[in-house]
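# Topology and contacts: notes
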Amino acid sequence: MRHAADGPRPALTVDCVVFGAADERLEVLLVERGDAPFTGAYALPGGFVREDEDLASAARRELSEKTGVDLSYMEQLYTFGAPARDPRGRVVTVAWLALVRPGVHRLEPGTDAQGAAWHPVADLPPLAFDHAHILDVARERLRGKLRYKPIGFELLPEVFTLTELQRLYEVVLERSLDKRNFRRKVLATKLLIDTGRRRTGVAHRAPTLYRFDRERHAELERSGYLFEA
């Protein structure tokens with residue numbers, strides 16, 4: 001009988017897809033590789049899993065070491081294991097997805113990364129390994145999340161206008177939305193709280209500022225939530 005220990009032992013890595021939103025565009029956090037293979041190329045932050053750590057811990061550690069960004073939560077995206085995805089040999093990677101506000105995280109590249117920076121998703125440089133494919137899968141997951149989770153929790157400031165919220169949806173979905181229909185659907189969820197304040201410094205009529213009702217969102221998640229933008 002052949003024992004499991006006698007079989008092949010692929011290496012295991014984690015890769016982190018961290019999305020942010022700035023200047024009405026979707027961005028992703030990339031590092032510039034300092035080591036071979038693909039020295040000098042751009043890639044998702046990630047690396048090898050240590051024998052004494054679980055996958056989530058490995059993802060958070062690699063993200064912190066490569067970019068200086070410390071996140072308490074990332075959700076598992078998908079496992080990628082094409083035989084030739086890594087020129088170093090048989091390497092399986094588990095990808096993780098996170099949403100953050102870029103402005104609240106100071107980037108400090110370290111270990112084998114030459115640099116770390118936010119890049120517009122619509123204008124990306126060539127990516128190392130199969131990271132372009134991983135990013136495509138992550139973008140599809142993000143679009144799907146819009147149906148059951150108000151992603152503005154992580155991507156928008158604490159207070160925002162309905163126009164800013166709609167623009168975020170349009171950026172993620174990559175299509176225009178009808179203003180009246182979008183606002184009707186969003187307000188019907190009762191997820192937004194009118195702060196009683198208005199955006200200052202605008203030439204036209206100052207728009208109302210809203211914030212998310214996290215307690216209401218928790219209730220909707222328990223009972224079932226579906227939003228079609």
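Data block above holds the structure.
Here's a quick rundown of the structure. (Residues numbered from 1 in each chain as written. Predicted model: local features only at pLDDT ≥ 70, side-chain atom pairs only at ≥ 80, totals over all residues. Heavy atoms only, no water.)

### Topic: the overall build of the chain
Note the following rule: Going along the chain from the N terminus, every DSSP run of H or I of four or more residues is numbered as a helix, and every run of E of two or more is numbered as a strand. Contacts between residues were defined by any pair of non-hydrogen atoms, one from each residue, lying within 4.5 Å. Residue exposure ignores everything except the shown protein chains as possible cover, and the areas themselves are Shrake-Rupley values with a 1.4 Å probe. In this charge count, Lys and Arg are treated as positive and Asp and Glu as negative; neither His nor the chain ends contribute. Charge coordinates come from a single atom per side chain, which is NZ of Lys, CZ of Arg, CG of Asp or CD of Glu.
For the chain, the count of helices and strands is 6 helices and 9 strands. Dimensions of the chain along its principal axes, counting C-alpha atoms only, are 70 × 40 × 30 Å. Pairs at least 24 apart in sequence give 66% of the contacts found in the chain among residues at least 6 apart. Total accessible area on the chain stands at roughly 12,500 Å², and carbon and sulfur atoms take up 49% of it. Positive and negative charge centroids in the chain, built from 35 and 34 side chains respectively, lie 7 Å apart.

### Here we look at the environment of P150
Applicable threshold: Each residue gets one of three labels from its accessible area relative to the maximum for its type: buried under 20%, exposed over 50%, partly exposed in between, using a 1.4 Å probe on protein chains only.
By secondary structure assignment, the location of P150 is in the loop between α2 (131-145) and α3 (152-155). Residue P150 is classed as buried on the basis of its relative accessible area, which comes to 3%. The spatial distance from the C-alpha of P150 to the C-alpha of F212 is 8.6 Å, given a sequence separation of 62 residues. Look past the residues within four positions of P150 in its chain and what remains in contact with it is Y169, L191, F212, H217 and Y225.

### Here we look at the pairing of strand β1 (residues 11-22)
Here is the rule: Only strands that DSSP links by at least two bridges are regarded as paired with each other.
Two elements, β1 and strand β6 (residues 91-99), share 9 bridges in a ladder whose sense is parallel. Paired with A11 across the bridge in β6 is V91. Two elements, β1 and strand β4 (residues 46-48), share 3 bridges in a ladder whose sense is antiparallel. Following the sheet pairing, T13 is matched in β4 by F48. Note that β1 and strand β2 (residues 25-33) share 4 bridges and pair antiparallel. Pairing of F19 across the sheet is with V28, part of β2. Connecting β1 to the next strand, β2, in antiparallel fashion are 2 residues, including D23 with a positive phi near 55°.

### Let's talk about unusual backbone geometry
Backbone torsion omega between A36 and P37 reads 0°, so that peptide bond is classified as cis. Mapping P37 onto the fold places it in the loop between β2 and β3 (42-43). Its identity as a non-glycine residue notwithstanding, E24 has a phi of 60°, on the positive side. For E24, the location among the structural elements is in the loop between β1 and β2. Notably, F38 is not glycine yet its phi reads approximately 65°, a positive angle. The residue F38 is located in the loop between β2 and β3 in this model. F38 sits in the partly exposed class, given a relative accessible area of 36%.

### Things to note about the environment of L71
Position of L71 among the secondary structure elements: in the loop between α1 (55-67) and β5 (75-80). Owing to a relative accessible area of 14%, L71 belongs among the buried residues under this scheme. With 27 residues separating them along the chain, L71 and A98 place their C-alpha atoms 8.3 Å apart. With residues up to four places along the chain from it excluded, the contact list for L71 reads R60, L63, A98, V100 and H105.

### Some words on empty space enclosed by the protein
Note the following rule: Grid points spaced at 1 Å over the protein atoms alone were grouped into cavities, where a 1.4 Å probe fits but cannot get out, and pockets, open sets with protein on both sides within 12 Å along at least five of seven lines, with lining residues defined by an atom within 4 Å of a point. Grid points are joined across faces, edges and corners, and a volume is the space filled by probe spheres set on the points. Throughout, the ten residues Ala, Val, Leu, Ile, Met, Phe, Trp, Tyr, Cys and Pro are labelled nonpolar, Asp, Glu, Lys and Arg are labelled charged, and all others, Gly among them, are labelled polar.
Evaluated as defined, the whole model comprises 2 cavities of 30 Å³ or more. Each pocket or cavity is described by its volume, and for the largest cavity that value is around 70 Å³. As for the largest cavity, its lining consists of P150, L165, Y169, V186, T189, L191, L192, F212, Y225 and F227. Across the lining of the largest cavity, the residue classes break down as 9 nonpolar, 1 polar and no charged. Space inside the second largest cavity adds up to approximately 50 Å³.

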